[in-house]
Every structure is written in structure tokens, then in C-alpha cells.
Amino acid sequence: MSDDSSGEPLPPPEGASDVIDTDYEVGQNNITPQLGPFGLDIHNPVFAISGAVIVAFVILTLVFQTQVEPIFTAMRGFVTSSFDWFFLIAGNIFVLVCLGILISPLGRVRIGGADATPDFSYLGWFAMLFAAGMGIGLMFFGVLEPVYYFATPWGDQPLSRELGLVDGALVDPVAVDAARRTAMAATIYHWGLHPWAMYAIVALSLALFAYNKGLPLTVRSIFYPIFGERVWGWTGHVIDILAVFATLFGLATSLGFGASQAAAGIGFVLGIEGLGENVTTAVLLILGITVLALISVLRGLEGGVKRLSEFNMILAGILMAFVILVGPTLVLVQQFFSNLGAYASDFFALSNPIGRDDDGFRQGWTAFYWAWWISWSPFVGMFIARVSRGRTVREFITCVLLIPTLVSAIWMTTFGGTAIDQMIARATESAVYGYVIDTYVPELSLFGMLSELPLAAITSTIAIILVIVFFVTSSDSGSLVIDTITAGGKIDAPVVQRIFWVTFEGLVAAVLLIGGGLVALQAMAVSTGLPFAMVLLLGCVALIKGLMAEPR
Amino acid sequence: MYSNIVVPVDLAHPDPLDKALATATDLARHYGATLTYVSVTAETPTAVAHNPREFGEKLAAFARKRSEADGVAIDTKAYTATDPTIDVDRYLLRAAEDTNADLVVVASHKPGLADYFWGSHGGKLAGHAPMSVFVVR
């Protein structure tokens, strides 16, 4: 199985698949205007409306910042606190559907037709899964979240259980261990089966309807079994525009926050106070990330995104191996299994949607995460779909759901486990206590943990590089996705369009960072999680219907 | 002089190809060379075909039609790419090597301002291919 398989002359028949019979032709609604010397090939009206709506939103947010921020933040609060039960139930359904498909005969269906062969090696495929959807979050929350749950003084600990550290003093050793297990179980719960199931459902649906059914690679195609020919009209336009909207704002706000985090990290390493609040530094970082993303998209999927993803996976592997080796090695190995056990035994308590008294945790963390993952799912799902041709459905779910869950668990055990260990050893003296509990500076939590290990200057620099490159890979894979959606499912649209989206996204991030409004728009992007969750539940039905029609 | 002639074909925009195809046919007839149409497609459904297999069939049908009209036998070879926008040049070069081509006849547009930013496929091929390249404008 080599990366070059896509370059071989076409194999004779790709094998049986169930092509949907529709008169719609990919790109039939596209227009090809000439912009100066550049020819475009864009979907009418998805491209124009998406672009206009995004510009309008940015302007409105900037002009009426003080008025809209409370509205959007209240909206996010309303969505996560009133519909937490809905998000939790939806999340559970996604996991059940994935596992159901995995063990059923539907798992034998092959993406791309019965005889299709994979385009990417396992290594390249994996690297891209993490680089697009989760890498950046793992960097940010790997230390923060377990430490937070272990000692939060704000009353939002998982399942309202006892804390390990109360008022700056450790409780008795047995309770400390129980608190540690709960903290790790809750963290792995947020980064394990549920988020990957959301990504997997979207990705599998997109891949199935494009590669097997012959519909354009765009979000609306999933809903063909439900809406029929109407998906080519306004029903589909609205779905696609929503997907573009969620992707661009999700990316731009993350880029804005991420630049501040990277700036804070650089300030920490160089010993410059307040670099995290310095807008100029952050804007320069956005500029740098955008330029790198631009180079990457111009080098294409294989020469750009895949290479960078592999580079990052190796670098992340080195950082993790280092922390395991210089940290409490044996403790971490033993904790990995104990954490998986804790995840398994608390799984039902954590995913139970009703009759719980841990509102702060369930609404403030779980429902927020679920809304966030779902609002990112069109983007990550579409990117995963694009690189997954040739895998069987069973292989796909194993590699997109089960193995990433294990990798997340290892990562969280390493970074969170080491950080909790530092807190158990030095309580309030530890750096992570200072950044997470004492004064809440979440972007420095990882650097605080690394500062108490040897070679802190080197590991912190590696961490900063990782953060930046994960943003580059998110930014360029996101731009490829937006370009495809706004070109009506064409992945071979003119290059100038990708350049436009990468630049546009960097611009939106920079403008929001300078003018304010990142918080408001992030709240807005998260709020799109609610309608998308409903849409995705419909998508599950379409997916199962579509899989049943495939030859197995 | 030439024994294997290769012509890159874009099935989505076949009209501007006419001149290059006619040139290739004439050269093949003149030198008694074999003629092969090569093409690169996306793996996703495109305006041309629902999947790569259908694309291969359409390319063969396109060649058959030309062949019946001109009386010169034409082979075809289709390639799939994960990111055709960027990788098409690389695959065309590989196609030329795979078929042991000693001449590539490629249609290209007149160079314009945009070519200063990224060049035409014909220009790229001529710049990198080890064999002769005939750029038809």
C-alpha cells in the first residue's frame, strides 16, 4: 500500500457501487467569471452569498461590538445550558451509530467502490486526521483540562465528585487518587469516542455519497436520500452556506485565539511579559501562519498538507516521548491503563443526559465541547472524507474512531498525568497550579508543566512550533474544504480560489483580533452547533440508508 | 523520427484542444508513431464523470471518436489524483514517461499576466520533460 497508488494508470473497473441516478451534473450551477487575468469557477449562489454574509457579519460585529457581544455570548449560554440534554443524547447516538455500523455487515462496504485502493498510507492518513481536527486542541487542553477538573475551585468538577486539592491543600491520598481518575476519565470522555464519532459520521457520509454514489463532494449531497432533487436548490444552498460559515468562523476565531496563545508562549520562553496581550505580535503571527498556509495549499494536498501533518506528528511524538521519559515514566504507563479503566467505568455516568447535578461541568464543558465539535464537523469531516477513499467502512471507523480515541487517551495521560503529578508533589508551589487554579492563564498551562521538566527552553520551543504548524494545517485544509464547497463540489477549481480563501480567513482573523469580536463570533460559531446537531441526526438516517443500498 | 506521441487531454474543456489533436494526428500519421491520449481526473465526482472508472471509459470513447474520424489508432491512459489542481503537471510528466513518449503535443493558451504567478501546464511540461514538447497555441 503506497502513497503512489493514485498515480498508477486506472485499474480496470472499480467494482460494484450504487451510483445514484440524478440528472444533476457537478458544477452545473457554477459560473466562470473572469477576474482580471484570473479565471474563476465558482458555485452560484453559494460563493457570493457565503462571502457577502461573512463580510457583513465581520463589519456588524466590529461596529456594534459592545451591543452584539452580550447577545452572542448569551446565545451560546442559552444553547449550551438549555439544550445540554439534546447535545448529550445526540453525541451518544453518533457513537452508537458508528459502533453499530462497525460490527454490522455494513462495515464491509468499501469507500470508492468494491475494488478501490487507498490513496494514502496509514501514517499519512492518521497524521492528517489529527492535524485537521484535533491537534491544536490537544496542545491547548492537554494540561489545562485534567488539572482544572482535579482542583477547580469554581464548583464545575465532573459528576460533582470530591476534588484532589481543596483550598491549596491536598486531601488524603485515597481521595487524591480518586480525583485524579475522575479528572482523567472526564478529559478522555471529551476527547475520545464522542468527538471522533461526530467527525466520523460526517466524513463517512460525505465519502459515501461522493465516492460511491457519484454526487458532488459537498455537504448537501448527504441529504439526497432525504430531500431528493431539492438538495440542488435552495435547501442545499442553505446547508452549504451554513457549512462554509461555520468552517470559516471556526477557523478564523481559532486562528485569532491561537495567535494569542502562540504569542504568550513565545513571551514565556523569551521572558517577555505581556506578549500574549500584544496585538501586533499576534497579527504578525497570523500573517506568518497565513503565508505558510498559502505555500502549503499551493503545493497541494500531498506536497503541502500531508507533509506538514507528518512533520507535526513526528514532532508531537518526540515531545510526548520526551515527557514520558523525563516525567514519571512508570507511573504514566500504569496510569494509562488505569485511566482507560476510569473512562470505561465512568462512561455511562458522564454521557447520561438527565438527572445529574453537575450543571457547571455538563453545560459549561460537555455541551460546549459537543457544540464545538459539531460546528467543526463539516470542515473536519469533509477533509477526512477527501483522504479516505479506498478504505472499507470497518477500517474507516476503526481508524477514525477507535485508534484516535486511544491516541487522545495516551496524550492526555502523558500531559495531564504529568501535570497532576506535579500538583500532587508540590501542591500550590507547582507552576500548573499557578496558571490554572491560582490565576487563570490557560494558554500558559502547557508551558508551566514543561517548565518543571528538564530542557524546558527546548521543549517549550517545540511546543510553540507544534501550535503554529497545527494552525497552518488547519488553515490550509479548511481553505481546501471551503473552496470545494463554494465551487459546487469541484476539487479541481482554479488555484486562485484557494489563495482567496486562505487570505480571506487570515484577514478575518486579523481584523477581529484588532477590532475585537473574536469572543462574539466564536460564540456565534458554537451556536451553529445546535442546528447542525439536528441536521447530523438526519444525516445518520441518510448514511444508514445509503450504506444499505451498497453492494457488500 | 518519433515513435510514441502523447497528447494530454482535458475532457472538461475539449474544444480548445482541436488544433493540438489535429497536429498530433498528422504527426503520428507522418512518422507512423503510436498515439496516446492521457488525462488526469479527480477522484471525486466531476462534471465529466461520477467516478474514475467512468472517466476512463469516457476518455476511451473520446479517443475512439477521434480515431474513427481520422483513421489513426489511439490509445488512452487515465490517471487519478487526490489534488488535481496542483498535481496535474506531475502526473502528465509521469504519463509521458510511462508511455515511453518521445514527443508530447500539448495545447496551451496564449501566455498572459497570470502566467507570471503560475505558468501554464504546457509551459511547465516543456520546462521539465526530458522528451520533445510541442506546445500548440
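Residues numbered from 1 in each chain as written. Chains lettered and ligands numbered in written order. Predicted model: local features only at pLDDT ≥ 70, side-chain atom pairs only at ≥ 80, totals over all residues. Heavy atoms only, no water.

Student: Describe the overall build of chain A, naming the residues involved and giving the relevant values.
Tutor: In terms of helices and strands, chain A carries 20 helices and 6 strands. In terms of overall dimensions, chain A has C-alpha extents of about 70 × 50 × 45 Å along its principal axes. The proportion of buried residues among the 552 residues of chain A is 64%. Long-range contacts, defined as pairs at least 24 residues apart, comprise 83% of the intrachain contacts of chain A with a sequence gap of at least 6. Split by element, the accessible area of chain A, about 18700 Å² in all, is 68% carbon and sulfur. The centroid of the 23 positive side-chain charges in chain A is displaced by 8 Å from the centroid of its 40 negative side-chain charges. (Helix = DSSP H or I, 4+ residues; strand = E, 2+ residues; numbered from the N terminus. Buried < 20%, exposed > 50% of the residue type's maximum accessible area, 1.4 Å probe, protein only. Contact = heavy atoms within 4.5 Å. Areas by Shrake-Rupley, 256 points an atom, 1.4 Å probe, with all protein chains shown as cover. Lys, Arg positive; Asp, Glu negative; His and termini not counted. Charge placed at Lys NZ, Arg CZ, Asp CG, Glu CD.)

Student: So what about the environment of P328 of chain A? Which residues, and what values?
Tutor: Residue and element names in this part refer to chain A. In this fold, P328 is placed in the loop between α11 (300-326) and α12 (329-351). Between the C-alpha atoms of P328 and G417, which are 89 residues apart in sequence, the distance is 8.9 Å. Ignoring anything within four residues of it in the chain, the contact list for P328 reads T418 and D421.

Student: How would you summarise helix α1 (residues 46-63) of chain A if you had to cite specific residues and measurements?
Tutor: Residue and element names in this part refer to chain A. Between its first and last C-alpha atoms α1 spans 26 Å; for 18 residues at 1.5 Å apiece the expected length is 26 Å, and the two agree. Of all the positions in α1, only V46, F47, S50, G51, I54, V58 and T61 are classed as buried. Burial along α1 is one-sided: seen end-on, the buried residues are contained in an arc of 125°. Looking at the buried side of α1, the elements it contacts are β4 (42-43), α2 (65-82), α9 (234-270), α17 (456-486), α18 (495-515) and α19 (518-527). (Expected span 1.5 Å × (residues − 1). Arc of directions from axis to C-beta.)

Student: Provide a residue-level description of the pattern of salt bridges, including the pertinent values.
Tutor: The tally for this structure, following the rule as stated, stands at 22 salt bridges over all chains. Among the ionic pairs, R426 of chain A bridges to E452 of chain A, the shortest N-O distance being 2.3 Å. In this pair, R426 of chain A sits in helix α14 (residues 393-426) while E452 of chain A sits in the loop between α16 (445-451) and α17, placing the two residues 26 residues apart along the sequence. Assessed through its relative accessible area of 26%, E452 of chain A is described here as partly exposed. As a salt-bridge pair, D83 of chain B and R498 of chain A come within 2.6 Å of each other at their nearest N and O atoms. With D83 of chain B in the loop between β3 (74-81) and α3 (84-98) and R498 of chain A in helix α18, this pair bridges two chains. Residue R498 of chain A is classed as buried on the basis of its relative accessible area, which comes to 1%. Among the charged side chains, a network of salt bridges with common partners joins D84, R356, D358, D359 and R362 of chain A. (Salt bridge = Lys/Arg side-chain N within 4 Å of Asp/Glu carboxyl O.)

Student: Describe the nonpolar core, naming the residues involved and giving the relevant values.
Tutor: Counting 192 residues, the largest nonpolar core has F396 and M449 of chain A as its most contacted members. Apart from residues no more than four positions distant in its own chain, F396 of chain A is found in contact with I111, W125, A200, A203, L204, I384, S388 and L401 of chain A. In terms of nonpolar packing, the next biggest core, distinct from the first, is built from 25 residues, I5, L11, V48 and L59 of chain B among them. (Core = buried A, V, L, I, M, F, W, Y, C linked by side-chain atoms within 4.5 Å.)

Student: Can you explain the packing of helix α5 (residues 135-151) of chain A against helix α13 (residues 359-386) of chain A? Please cite residues and give values.
Tutor: Relative placement of two packed helices is described by the angle separating their axes and the distance separating the axes. Residues and elements named next belong to chain A. Here α5 crosses α13 at 160°, and the two axes come no closer than 13 Å. Considering the angle they form, α5 stands roughly antiparallel to α13. As for how α5 packs across α13, the hand of that crossing is left-handed. Residues F141, E145, Y148 and Y149 of α5 form the contact with α13, whose participating residues are F361, W365 and Y369. (Axes fitted to C-alpha atoms, helices over the stretch in contact; angles between N-to-C directions. Parallel < 35°, antiparallel > 145°, perpendicular 65-115°, else oblique. Left-handed = near helix turned anticlockwise from the far one by under 90°.)

Student: I'd like to hear about the side chain of T218 of chain A, residue by residue, with values.
Tutor: Residues and elements named next belong to chain A. When you line up the elements, T218 lands in the loop between α7 (193-212) and α8 (224-227). Judged by its relative accessible area of 2%, T218 falls in the buried class. Among the polar contacts made by the side chain of T218, one reaches the side chain of D240 at a distance of 2.8 Å. Leaving out residues up to four positions away in the same chain, T218 has contacts with L206, D240, M382, I485 and G489. (Polar contact = N/O pair within 3.5 Å; in protein donor to acceptor, adjacent residues only side chain to side chain.)

Student: Kindly report on the confidence of the model for chain A, identifying the contributing residues and their values.
Tutor: Here chain A averages 88 in pLDDT, while 96% of its residues score no lower than 70. Ignoring residues within four places in sequence, the model shows residues 1-13 of chain A, a span with pLDDT below 50, making 35 contacts including any to other chains. (pLDDT = per-residue confidence, 0-100.)

Student: Could you give me a rundown of the packing of aromatic side chains, with the residues and numbers involved?
Tutor: Going through the model one piece at a time under the given rule, you end up with 47 aromatic pairs over all chains. Consider the rings of F47 of chain A and F500 of chain A, whose centres lie 5.7 Å apart with planes at 35°: the pair is tilted. Of this pair, F47 of chain A sits in helix α1 while F500 of chain A sits in helix α18, and the two are 453 residues apart along the sequence. When the ring of F368 of chain A is compared with that of Y369 of chain A, the centres are 6.4 Å apart and the planes differ by 50°; the resulting orientation is tilted. Cation over ring: R391 of chain A sits above Y122 of chain A, and NZ or CZ is 4.3 Å from the ring centre. The ring of Y91 of chain B is capped by R90 of chain B, whose NZ or CZ atom sits 5.4 Å from the centre of that ring. (Phe/Tyr/Trp six-rings, centres within 6.5 Å; stacked < 30°, edge-to-face > 60°. Lys NZ or Arg CZ within 6 Å of the ring centre and 35° of its normal.)

Student: Please set out the sheet that holds strand β1 (residues 4-8) of chain B residue by residue, giving values where relevant.
Tutor: Residue and element names in this part refer to chain B. Judged by pairing direction, the sheet is parallel, and its 5 strands sit side by side in the order β3-β2-β1-β4-β5 without closing on themselves. The sheet is open, and its two edges are formed by β3 and β5 (132-136), each paired on a single side. Strand-to-strand twist in this sheet, taken as the mean axis angle between neighbours without regard to direction, amounts to 25°. Where β1 lies against strand β2 (residues 34-42), 5 bridges are found, and the strand directions are parallel. Within β2, the position partnered with N4 by the bridge is T34. Packed onto the sheet, α3 meets β1, β2, β3 and β4 (103-107) and runs at close to 140° relative to β3. (Pairing = 2+ DSSP bridges.)

Student: I'd like a rundown of the confidence of the model for chain B, residues and numbers included.
Tutor: As a general rule, the predicted coordinates of low-pLDDT regions are not to be interpreted in detail. Of all residues in chain B, 93% have pLDDT values of 70 or greater, and the mean over the chain is 86. Of all the helices and strands in chain B, helix α4 (residues 121-128) of chain B carries the lowest mean pLDDT, 82, while β1 of chain B carries the highest, 93.

Student: Could you give an account of unusual backbone geometry, naming the residues involved and the relevant values?
Tutor: P45 of chain A follows N44 of chain A through a cis peptide bond whose omega is 10°. With respect to the helices, strands and loops of the structure, P45 of chain A is situated in the loop between β4 and α1. Of note in the backbone geometry, A427 of chain A takes a positive phi value of approximately 45° without being a glycine. Relative to the helices and strands, A427 of chain A resides in the loop between α14 and α15 (431-438). According to the relative accessible area criterion, A427 of chain A is buried, its value standing at 15%. The phi dihedral of N100 of chain B is positive, around 55°, even though this residue is not glycine.

Student: Let's hear about the packing of α13 of chain A against α19 of chain A: which residues, and what values?
Tutor: All names here are of chain A. Between α13 and α19, the least distance of the axes is 7 Å, while the angle of their chain directions is 80°. What the angle tells us is that α13 and α19 run roughly perpendicular. Packed against α13, whose contacting residues are F368, A371, W372 and S375, the element α19 presents Q522, A525 and V526 at the interface. Among the residues making up the contact of α13 with α19, the classes are represented as 5 nonpolar, 2 polar and no charged. (Nonpolar A, V, L, I, M, F, W, Y, C, P; charged D, E, K, R; others polar.)

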